[in-house]
Amino acid sequence: MALLGYDRWEYFHKAIERAVDSCKASEIEPADHFRNVTKMVPIGSGAERAVKDYMFTRYACYLIAQNGDPRKEEIAFAQSYFVVQTRKQELIEERAMDIIKHEKSKNDKKVFQYIKEQAEKK
């Protein structure tokens with residue numbers, strides 16, 4: 001089974017290591033995003049053995065995609081996915097700020113009008 005286009009675990013693991021290094025360089029605790037786990041896999045005649053595996057947060061997946069081989073279709077797709085999702089979030093935040101500014105402007109006008117009315121009464 002290929003992992004993000006990597007045929008061998010060793011190559012995929014190198015992308016994970018680069019992602020962990022990126023996390024460390026950002027002064028973010030890798031253990032919060034890259035969980036070492038063990039899973040049992042069948043080895044024949046009903047026996048199983050423990051193998052190293054990971055659980056990733058969304059942030060870890062983002063870093064793996066950014067540190068992966070962009071020549072691999074799956075990595076290129078993941079990189080594009082995260083770019084699109086990031087832009088969507090930026091647009092949502094921009095729209096929210098526009099709404100907040102508009103509401104603040106309306107409130108400022110109301111306060112100014114109240115002060116003006118109070119001054120005219122005197």
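All values reported here derive from a predicted model rather than from experimental measurement.

Conventions used here
Residues numbered from 1 in each chain as written. Predicted model: local features only at pLDDT ≥ 70, side-chain atom pairs only at ≥ 80, totals over all residues. Heavy atoms only, no water. Core = buried A, V, L, I, M, F, W, Y, C linked by side-chain atoms within 4.5 Å. Buried < 20%, exposed > 50% of the residue type's maximum accessible area, 1.4 Å probe, protein only. Helix = DSSP H or I, 4+ residues; strand = E, 2+ residues; numbered from the N terminus. Contact = heavy atoms within 4.5 Å. Salt bridge = Lys/Arg side-chain N within 4 Å of Asp/Glu carboxyl O. Axes fitted to C-alpha atoms, helices over the stretch in contact; angles between N-to-C directions. Parallel < 35°, antiparallel > 145°, perpendicular 65-115°, else oblique. Left-handed = near helix turned anticlockwise from the far one by under 90°. Nonpolar A, V, L, I, M, F, W, Y, C, P; charged D, E, K, R; others polar. Pairing = 2+ DSSP bridges. Phe/Tyr/Trp six-rings, centres within 6.5 Å; stacked < 30°, edge-to-face > 60°. Lys NZ or Arg CZ within 6 Å of the ring centre and 35° of its normal.

Enquirer: Please explain the nonpolar core as it appears in this structure.
Expert: Considering soluble globular proteins, one finds that nonpolar side chains tend to be buried as a cluster. In this structure, Y6, F12, I16, A19, F34, L63 and I64 are the most contacted members of the largest nonpolar core, which totals 13 residues. Breaking this core down by element, the ones donating at least two residues are helix 1 (9–25) and helix 2 (58–67). Every residue in contact with A19, bar those within four places of it in the chain, is listed here: F34, L63, I64 and N67.

Enquirer: Even after reading the chapter, I still don't get helix 2, so can you show me in this structure?
Expert: One turn of an α-helix holds 3.6 residues; hence residues three or four places apart share an orientation. Those residues of helix 2 not exposed but buried are A60, L63, I64 and A65. For helix 2, the secondary structure elements touched by its buried residues are helix 1, strand 1 (34–44), strand 2 (47–56) and helix 3 (73–121).

Enquirer: I tried to follow the pattern of salt bridges on my own but got confused; where do I start?
Expert: If the charged atoms of two oppositely charged side chains come close together, the side chains can form a pair. All told, the structure shown has five salt bridges when counted by the stated rule. Residue R87 is joined to E90 by a salt bridge in which the shortest nitrogen-to-oxygen separation is 3.1 Å. Taken as a pair, R87 and E90 lie in helix 3 at a separation of three residues, close to a single helical turn. A residue is classified by how much of its surface remains accessible, and R87, at 39% relative accessible area, is partly exposed. R87 is the salt-bridge partner of E94, the closest N and O atoms lying 3.6 Å from each other. Salt bridges linked by common partners bring R87, E90 and E94 together as one network.

Enquirer: Just to check I follow, could you spell out the packing of helix 1 against helix 2 for this structure?
Expert: A packed helix pair is summarised by two numbers, namely the angle formed by the two axes and the spacing between the axes. Axis separation between helix 1 and helix 2 bottoms out at 8 Å; the angle between their running directions is 115 degrees. When the interaxial angle is binned, helix 1 and helix 2 end up roughly perpendicular. In this structure, helix 1 crosses over helix 2, and the sense of that crossing is right-handed. Contact residues: helix 1 offers F12, A15, I16, R18, A19, S22 and C23, while helix 2 offers Y59, L63, I64 and N67.

Enquirer: I keep staring at the packing of helix 2 against helix 3 and nothing clicks. Help me out?
Expert: Running from N to C, helix 2 and helix 3 point in directions that differ by 125 degrees, and their axes come no closer than 8 Å. By the angle between their directions, the pair helix 2 and helix 3 is classed as oblique. Judged by the sense of rotation from one axis to the other, the crossing of helix 2 with helix 3 is left-handed. Only I75, A78, Q79, Y81, F82 and Q85 of helix 3 make contact with helix 2, whose side of the interface consists of R58, C61, Y62, I64, A65 and Q66. A per-class count over the contact of helix 2 with helix 3 returns eight nonpolar, three polar and one charged.

Enquirer: I keep staring at the pairing of strand 2 and nothing clicks. Help me out?
Expert: Consecutive residues of a regular strand have side chains that alternate between opposite faces of the sheet. Relative to strand 2, strand 1 runs antiparallel, the two being bridged by 10 bridges. Across the sheet, the residue bridging to K39 is V51, located in strand 2. Counting the residues that bridge the hairpin from strand 1 to strand 2 gives two residues, and of these S45 lies at a positive phi of roughly 45 degrees.

Enquirer: Mind showing me how you'd approach the packing of aromatic side chains here?
Expert: For any pair of aromatic rings, the description consists of the separation of the ring centres together with the inter-plane angle of the planes. Throughout the structure, instances matching the rule amount to seven aromatic pairs. An angle of 45 degrees between the planes, with centres 5.9 Å apart, marks the rings of Y6 and F12 as tilted. Like F12, Y6 is buried. Ring geometry for F34 versus F56: centroids 5.9 Å apart, planes at 80 degrees, classification edge-to-face. With a gap of 22 residues between them, F34 in strand 1 and F56 in strand 2 connect regions that are remote in the sequence. In this structure, K72 packs its charged tip against the face of Y6, placed 5.1 Å from the ring centre.

Any link to function would need more than the numbers given here.
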